[in-house]
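Remarks on the overall topology
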Amino acid sequence: MFQIGDYVIYGRIGVCRIDSICTLQSEETKQEKEYYLLKPVFTKGSKIYTPKDNPKAKMRKIITKDESEQLIDMIPAIEVLEEENNKIRTEKCKDALRTYDNVEWVRVIKTLYRRKQEKLSEGRKFYQNDERMLNMAKDYLYGELSISLNLPKDQMEKFILGKLEG
């Protein structure tokens, strides 16, 4: 399914590189099993072992450069989550983040960015939980785009805005 050197999105970790495929023995069952050794790209010094056949693991290949460019072009057409009730909107954002789908990450970013602007224009504070989800969605999206477009992650927001304005 995945090869050594592939970049993947892995659960809440974000972008990881498959460093190796190894066989480990379970202490409980004493059976050998194949694992991917993942190295998170943006968290230095970490490594993750995940079974190759783990159906619960949320893991997918990152999108290609062409798919990244198409995604950026689609951003204006991606609709926000229309929900006035804070609890329901929060749950919808959490659900969208759990899909590990970059279109849903864009939807969360657009929704929460708009919400933040509304709150600030009213002279009110932006909810800390919303800020956390906004940052998480940006981290996932910018991490994936940075690898596929071969650009620094900390320049992704500026790059995307430039493409949308240009």
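The residue numbers shown here count from 1 along each chain, following its written sequence. In keeping with the model being predicted, local features are shown solely for residues with a pLDDT of at least 70 and side-chain atom pairs are shown and tallied solely at 80 or more, while totals for entire chains, interfaces and linings include all residues. As a convention, hydrogens and water are excluded, and side-chain values are obtained from all of the structure's heavy atoms.

Along the protein chain, the regular secondary structure elements total 5 helices and 5 strands. A helix here means a DSSP run of H or I that spans at least four residues, while a strand means a run of E at least two residues long, and both kinds are numbered starting from the N terminus. Reading the secondary structure of the protein chain in the N-to-C direction produces β-β-β-β-β-α-α-α-α-α. The 166 residues of the protein chain split such that 39% are buried. In this description, contact between two residues means that some pair of their heavy atoms is separated by no more than 4.5 Å. In the protein chain, 52% of the contacts between residues at least 6 apart in sequence involve partners at least 24 apart. For the exposure calls, accessible area comes from a 1.4 Å probe over protein chains only, and a residue counts as buried if that area is under 20% of its type's maximum, exposed if over 50%, partly exposed in between.

What follows covers the pairing of strand β3 (residues 32-40). When strand β2 (residues 14-25) meets β3, the two strands line up antiparallel, connected through 9 bridges. Its bridge partner lying in β3, Cys16 is registered against Pro40. Here β2 hands over to β3 after 6 residues, with Lys30 in that stretch at a positive phi of 65°. Sheet topology note: the β3/strand β4 (residues 48-51) ladder contains 4 bridges and is antiparallel. Across the sheet, the residue bridging to Tyr35 is Pro51, located in β4. Strands were regarded as paired on the criterion that DSSP finds at least two bridges between them.

For the rest of this paragraph, the subject is the packing of aromatic side chains. How two aromatic rings sit relative to each other is given by the distance of their centres and the angle of their planes. Geometry of aromatic contacts follows a simple scheme: Phe, Tyr and Trp rings, the Trp one being its six-membered ring, pair when their centres are within 6.5 Å, and the pair is stacked under 30 degrees between planes, edge-to-face over 60, tilted otherwise. On inspection of all chains with the given rule, the structure shows 3 aromatic pairs. Ring pairing ties together the aromatic residues Tyr100, Trp105 and Tyr140, which thus form one cluster. A cation over a ring is seen here: Lys153 above Phe42, with NZ or CZ 4.3 Å from the ring centre. Geometrically, a charge over a ring is one whose NZ (Lys) or CZ (Arg) sits within 6 Å of the ring centre while staying within 35 degrees of the ring normal.

A pairing counts as a salt bridge when a side-chain nitrogen of Lys or Arg comes within 4 Å of a carboxyl oxygen of Asp or Glu. Evaluated as defined, the whole model comprises 18 salt bridges. A salt bridge links Asp19 to Arg17; the shortest N-O distance between them is 3.3 Å. Residue Asp19 is classed as partly exposed on the basis of its relative accessible area, which comes to 31%. Residue class for Arg17 comes out partly exposed when judged on its relative accessible area of 31%. With a shortest N-O distance of 3.6 Å, Glu157 and Lys138 are connected by a salt bridge. Of this pair, Glu157 sits in helix α5 (residues 156-165) while Lys138 sits in helix α4 (residues 128-149); the two residues are 19 residues apart in sequence, bridging distant segments of the chain. Since its relative accessible area comes to 33%, Glu157 is described here as partly exposed. Members of the salt-bridge network, linked through shared partners, are Glu82, Arg114, Arg115 and Glu118.

To continue, consider helix α3 (residues 102-121). Helix length check: α3, at 20 residues, gives a terminal C-alpha distance of 28 Å against a target of 28 Å (1.5 Å per residue), a fit within 8%. Taken residue by residue, α3 has Asn102, Glu104, Trp105, Val106, Arg107, Val108, Ile109, Thr111, Leu112, Arg115 and Lys119 as its buried positions. Near the N-terminus of α3, the side chain that reaches the backbone nitrogen of Val103, with its oxygen 2.8 Å away, is that of Asp101. One or two residues past the end of α3 sits Gly123, with phi positive at roughly 75°. The span one expects for a helix is its residue count, reduced by one, times 1.5 Å. Pairs of N or O atoms are called polar contacts if they sit within 3.5 Å, as long as, within protein, a hydrogen donor faces a hydrogen acceptor (for residues adjacent in sequence, only side-chain-to-side-chain pairs).

Bringing the side chain of Ser148 into the picture now. Mapped onto the secondary structure, Ser148 falls in helix α4. Within polar-contact distance, the side chain of Ser148 engages the backbone oxygen of Leu145 at 3.4 Å.

Of all hydrophobic cores here, the largest spans 30 residues; its most connected members are Leu141 and Leu145. Considering every element that reaches this core, the biggest residue donor is α4, with 8 residues. Leave out the neighbours within four places in its chain, and Leu145 touches Ile63, Ser68, Leu71, Ile72, Asn150, Met156 and Ile160. Grouped together as the second largest cluster of nonpolar side chains are 9 residues, Phe2, Tyr10, Cys16 and Leu38 included. What we call a nonpolar core is a set of buried Ala, Val, Leu, Ile, Met, Phe, Trp, Tyr and Cys residues that are connected through their side-chain atoms within 4.5 Å.

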